[in-house]
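These are the residues of each chain, in order.
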Amino acid sequence: MAGFRRSHLRLLGMAILAGAGFRLGIPGLAEVIEGIWGHAEQASKAFLPLELQGIIGMFGILMLGIVIYLNYEIFVKGAKKGRRGLLISVCGFFTGILLVNVAIAVIFQ
């Protein structure tokens, strides 16, 4: 990619991940979990012990914390790199949202 330094590419990748995490936030993650749960409910009740269900819940809380951190920090990092960095952050963020929307549409429809 002409004109992109390594730090700009890293910023773009982080912005895409932040956008994807934002889309998969509480409402989006609920859609994914509902779709998966509809297919795997009976099998998971039979195979998952109560302790493992608690670990899965804690992992969900950890993932939410990471998503919040990425969403806040990415725009600050982009602003520190100037106008071009902020533009890369915003475009990457919306690209991440768009990619997850397409993936959810393909998987569950």
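Residues numbered from 1 in each chain as written. Predicted model: local features only at pLDDT ≥ 70, side-chain atom pairs only at ≥ 80, totals over all residues. Heavy atoms only, no water.

Caption draft 1: Local environment of a nonpolar patch on the surface. Among the surface-exposed residues, Ile36, Ile107 and Phe108 lie close enough to one another that they form a single nonpolar patch of about 290 Å² accessible area. Looking at where phenylalanine 108 falls in the secondary structure, it is placed in helix α4 (residues 83-108). (Patch = residues over 30% accessible without salt bridge, like charges linked within 9 Å, V, L, I, M, F, W, Y side chains within 5 Å. Areas by Shrake-Rupley, 256 points an atom, 1.4 Å probe, with all protein chains shown as cover. Salt bridge = Lys/Arg side-chain N within 4 Å of Asp/Glu carboxyl O. Helix = DSSP H or I, 4+ residues; strand = E, 2+ residues; numbered from the N terminus.)

Caption draft 2: How the structure looks around the confidence of the model for the protein chain. In the predicted model, the protein chain carries a mean pLDDT of 77, and 72% of its residues have values of at least 70. Across the protein chain, the secondary-structure element scoring lowest on mean pLDDT is helix α2 (residues 26-47), at 66, and the one scoring highest is α4, at 87. (pLDDT = per-residue confidence, 0-100.)

Caption draft 3: Spatial organisation of the nonpolar core. If you look at the biggest cluster of nonpolar residues, it comprises seven residues: Leu11, Ala15, Ala18, Ile74, Ile88, Phe93 and Ile97. Mapped onto this core, the elements with two or more residues apiece are α1 (6-23) and α4. (Core = buried A, V, L, I, M, F, W, Y, C linked by side-chain atoms within 4.5 Å. Buried < 20%, exposed > 50% of the residue type's maximum accessible area, 1.4 Å probe, protein only.)

Caption draft 4: Broad picture of α1. Relative to the 26 Å expected for 18 residues at 1.5 Å per residue, α1 spans 26 Å between its end C-alpha atoms, a close match to the ideal helical length. Taken together, the buried positions of α1 are His8, Leu11, Ala15, Ala18, Gly19, Ala20, Gly21 and Arg23. (Expected span 1.5 Å × (residues − 1).)

Caption draft 5: Layout of the packing of aromatic side chains. Per the stated rule, a full pass over the model turns up two aromatic pairs. Residues phenylalanine 93 and phenylalanine 94 carry aromatic rings whose centres are separated by 6.0 Å and whose planes lie at 80° to one another, so their mutual orientation is edge-to-face. Chaining the aromatic ring pairs together yields one cluster made of Phe75, Phe93 and Phe94. (Phe/Tyr/Trp six-rings, centres within 6.5 Å; stacked < 30°, edge-to-face > 60°.)

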